[in-house]
Amino acid sequence: MTDRKDFLTRQQFMAELYRYKKGSVTRRHFLGVTGLGLATSVLGSAVPGLRGAAFAQGSIGDRVVVASWPNYHDPANFDAFTAETGAAVDLNVFGSNEEMLAKLQAGGSGWDVFVPTNYTITTYVEQDLIEPLDLSKLPNYDPASFDARFADAGTVNGTVYAVPRNWGTTGFVVNTSQLGGLAKPTSWKEFWDMTKAEFSGRTMVHDYQLTTIGNALKYFGYSFNSVDPAELAEAEKLLLEVKPHLFAINSDYQPSMRSTDAWMSIAWTGDGKQLHRDMPEIEYVLGKEGGELWSDFFAIPKGAPHRDAAYALINYLLAPEVNAKEVAFHGYPVADARVNAILPAEMLNDPIMYPAAELLNALEFGAAVTLTDPNRAELMARFKSA
């Protein structure tokens, strides 16, 4: 049998390694596509001690399966957790909360930890898809240290179902070196108009109805969360006009922005920070009409197969010194005062991570109704299939 890594060029291998390091693909995908998984298996069979070191089973089991977002975790922290506990972290990457919900509704996800956004948690509770948390198993969680704005959504009817991970905004990134004398866009109206004109074929939008529909609604000055049929009809008309001018519909937009195949994309805070850090010509913009303010959480789905490992991983990542390493890697702000106390001043003063008050005040938290509204779901399906 031919080892699959023989089919990868050096450039392809490095591209896969970059995707894995950024959290865009799972460990299983990386090991499989590069052939390293097979190599480990063969070596483990020949040298039993190696297999024992790689897959040591501790008191919490040998693995923990996580469903989260692209470019959102520092692999070094996962590796350190594995070294400390013997539980390997298997990361599943998703592009939208709708995907996460559908996977859990279908059953058999196999997840131990997932990372839902604030507006979704009540739906998970109503549909009995999420475990109440035993906070005695999370000694690193100190509720008093968290900004309530970004923590309260994890508590439903007095029960804690999720604890805060990060918060952030949804704006867009633009490669200013491609503007050709045009002024840098500062609004959603300019984002969509440029997509239909000067940036035709070079813009990406999320494969995620909340943000793509929400920011189309902002073009007209409507609420990011609107479910009004007439307002959604206007947003749909705009999206269908824009569709032929898009480079792609994909929530993992960093690779295309880095290669300059795409010049502009709807984006989240941390991606904006990572791209600007590595390519200063790429700037992150919050549309002046408003948009989304959000917070993400750690939660455990009902029936998690490795519940002890789930608690161990969440607790590990909530340790302030570990969480500070996460922030330094991914560029998303956190609401934990203990973490902020040890972050460097330049990070706390970064306008991407901590926008000016007038921009932040114009943003809206996502509303629960948007997750299950049939009109929004059908609009997104028509847009993608057009």
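Everything here concerns the structure above.
Given the structure is predicted, the values throughout are model-derived calculations rather than measurements.

Draft legend 1. Looking closely at the overall build of the chain. Broken down by element type, the chain carries 19 helices and 12 strands. Here the chain holds 386 residues, and 53% of them are scored as buried. Sequence separation of at least 24 residues holds for 76% of the intrachain contacts in the chain that already meet a minimum separation of 6. A total of about 15,600 Å² of accessible surface is found on the chain, and carbon and sulfur atoms cover 54% of it.

Draft legend 2. Layout of the layout of surface pockets. Approximately 190 Å³ is the volume attributed to the second largest pocket. In this structure, the second largest pocket is lined by Lys184, His276, Glu283, Tyr284, Val285, Leu286, Asp350, Pro351, Ile352, Pro355, Ala356 and Leu359. Considering every element that reaches the lining of the second largest pocket, the biggest residue donor is strand β10 (residues 282-285), with 3 residues. Taken together, the residues that form the lining of the second largest pocket break down as 8 nonpolar, 1 polar and 3 charged.

Draft legend 3. A look at the environment of Arg63. For Arg63, the location among the structural elements is in strand β1 (residues 63-68). Its relative accessible area of 21% is what places Arg63 among the partly exposed residues. When sequence neighbours within four positions are dropped, the list of residues in contact with Arg63 reads Ala87, Ala88, Asp90, Asp112, His306 and Ala309.

Draft legend 4. Focus on empty space enclosed by the protein. Applying the stated criterion to the full structure yields 1 cavity of 30 Å³ or more. In this structure, the largest cavity spans a volume of roughly 110 Å³. Lining the largest cavity we find Trp69, Pro70, Tyr72, Asn97, Thr117, Tyr208, Thr211, Trp268, Glu292, Trp294, Asp296 and Tyr332. Here the lining of the largest cavity gets 3 residues from one element, more than from any other, and that element is strand β11 (residues 291-299). Split by residue class, the lining of the largest cavity holds 7 nonpolar, 3 polar and 2 charged.

Draft legend 5. Broad picture of the packing of helix α13 (residues 307-318) against helix α14 (residues 320-330). Between α13 and α14, the least distance of the axes is 5 Å, while the angle of their chain directions is 75 degrees. In terms of their interaxial angle, α13 and α14 are classed as roughly perpendicular. Residues Tyr316, Leu317 and Leu318 of α13 touch α14, and the partners they reach there are Pro320, Val322, Asn323 and Glu326. Partitioning the contact of α13 with α14 into residue classes produces 5 nonpolar, 1 polar and 1 charged.

Draft legend 6. Broad picture of the nonpolar core. With 75 residues, the main nonpolar core has Phe114 and Val163 as its most contacted residues. Among the elements that make up this core, the one with the highest residue count is α13 (8 residues). The contact partners of Phe114, leaving out residues within four places of it in the chain, are Ala67, Met100, Leu104, Tyr124, Ile130, Phe297, Phe298, Ala299, Ile300 and Pro301. Residues Leu179, Phe191, Val205 and Tyr219 belong to the second largest nonpolar core, which totals 26 residues.

Draft legend 7. Main features of the packing of helix α12 (residues 269-278) against α14. It is the contact of α12 with α14, at a shortest axis distance of 8 Å, that shows an interaxial angle of 60 degrees. Of the residues in α14, those touching α12 at Gly270, Gln274 and Arg277 are Ala328, Phe329 and His330. Residues of the contact of α12 with α14, tallied by class, amount to 2 nonpolar, 3 polar and 1 charged.

Draft legend 8. Geometry of the packing of aromatic side chains. Counted according to the given criterion, the structure contains 21 aromatic pairs. A centroid spacing of 5.2 Å and a plane angle of 75 degrees characterise the contact between Phe199 and Trp263, whose relative ring orientation is edge-to-face. Of this pair, Phe199 sits in the loop between α8 (188-196) and β7 (203-205) while Trp263 sits in the loop between α11 (254-259) and β9 (264-268), and the two are 64 residues apart along the sequence. Given the relative accessible area of 15%, Trp263 is considered buried. Summarising the aromatic geometry, the rings of Tyr208 and Trp268 are spaced 6.2 Å apart at their centres and angled 50 degrees between planes, so their arrangement reads as tilted. Separated by 60 residues along the polypeptide, Tyr208 in the loop between β7 and α9 (209-219) and Trp268 in strand β9 bring together distant segments of the chain. Taking the relative accessible area as the measure of exposure, Trp268 reaches 7% and is therefore buried. An aromatic cluster is defined as three or more aromatic residues linked by ring pairs; in this entry it consists of Trp69, Tyr208, Tyr253 and Trp268.

Draft legend 9. Seen up close, the side chain of Ser226. Position of Ser226 among the secondary structure elements: in the loop between α9 and α10 (229-242). Within the local environment of Ser226, its side chain forms a polar contact with the backbone nitrogen of Asp228, the two atoms lying 3.1 Å apart. A polar side-chain atom of Ser226 sits 2.6 Å from a polar atom in the side chain of Glu231. In contact with Ser226, other than residues within four places in its own chain, are Leu217, Glu231, Leu232 and Arg376.

Draft legend 10. Highlighting the pattern of salt bridges. Inspection of every chain in the model, using the stated rule, returns 16 salt bridges. With its nearest N and O atoms 3.9 Å apart, the salt bridge here joins Asp62 to Arg63. Residue Asp62 is classed as partly exposed on the basis of its relative accessible area of 25%. Salt-bridge contacts for Glu283 lead to Lys184; the nearest nitrogen and oxygen are separated by 2.7 Å. Within this pair, whereas Glu283 is found in strand β10, its partner Lys184 is found in the loop between β6 (162-175) and α8, the two being separated by 99 residues in sequence. Residue Glu283 is classed as partly exposed on the basis of its relative accessible area, which comes to 26%. Among the charged side chains, a network of salt bridges with common partners joins Lys196, Lys237 and Glu241.

Basis of the calculations
- Residues numbered from 1 in each chain as written.
- Predicted model: local features only at pLDDT ≥ 70, side-chain atom pairs only at ≥ 80, totals over all residues.
- Heavy atoms only, no water.
- Helix = DSSP H or I, 4+ residues; strand = E, 2+ residues; numbered from the N terminus.
- Buried < 20%, exposed > 50% of the residue type's maximum accessible area, 1.4 Å probe, protein only.
- Contact = heavy atoms within 4.5 Å.
- Areas by Shrake-Rupley, 256 points an atom, 1.4 Å probe, with all protein chains shown as cover.
- 1 Å grid on protein atoms, 1.4 Å probe; cavity = no way out; pocket = protein on both sides within 12 Å on 5 of 7 lines; lining within 4 Å.
- Points joined across faces, edges and corners; volume = space filled by probe spheres on them.
- Nonpolar A, V, L, I, M, F, W, Y, C, P; charged D, E, K, R; others polar.
- Axes fitted to C-alpha atoms, helices over the stretch in contact; angles between N-to-C directions.
- Parallel < 35°, antiparallel > 145°, perpendicular 65-115°, else oblique.
- Core = buried A, V, L, I, M, F, W, Y, C linked by side-chain atoms within 4.5 Å.
- Phe/Tyr/Trp six-rings, centres within 6.5 Å; stacked < 30°, edge-to-face > 60°.
- Polar contact = N/O pair within 3.5 Å; in protein donor to acceptor, adjacent residues only side chain to side chain.
- Salt bridge = Lys/Arg side-chain N within 4 Å of Asp/Glu carboxyl O.

These values are about where atoms sit, not about what they do.
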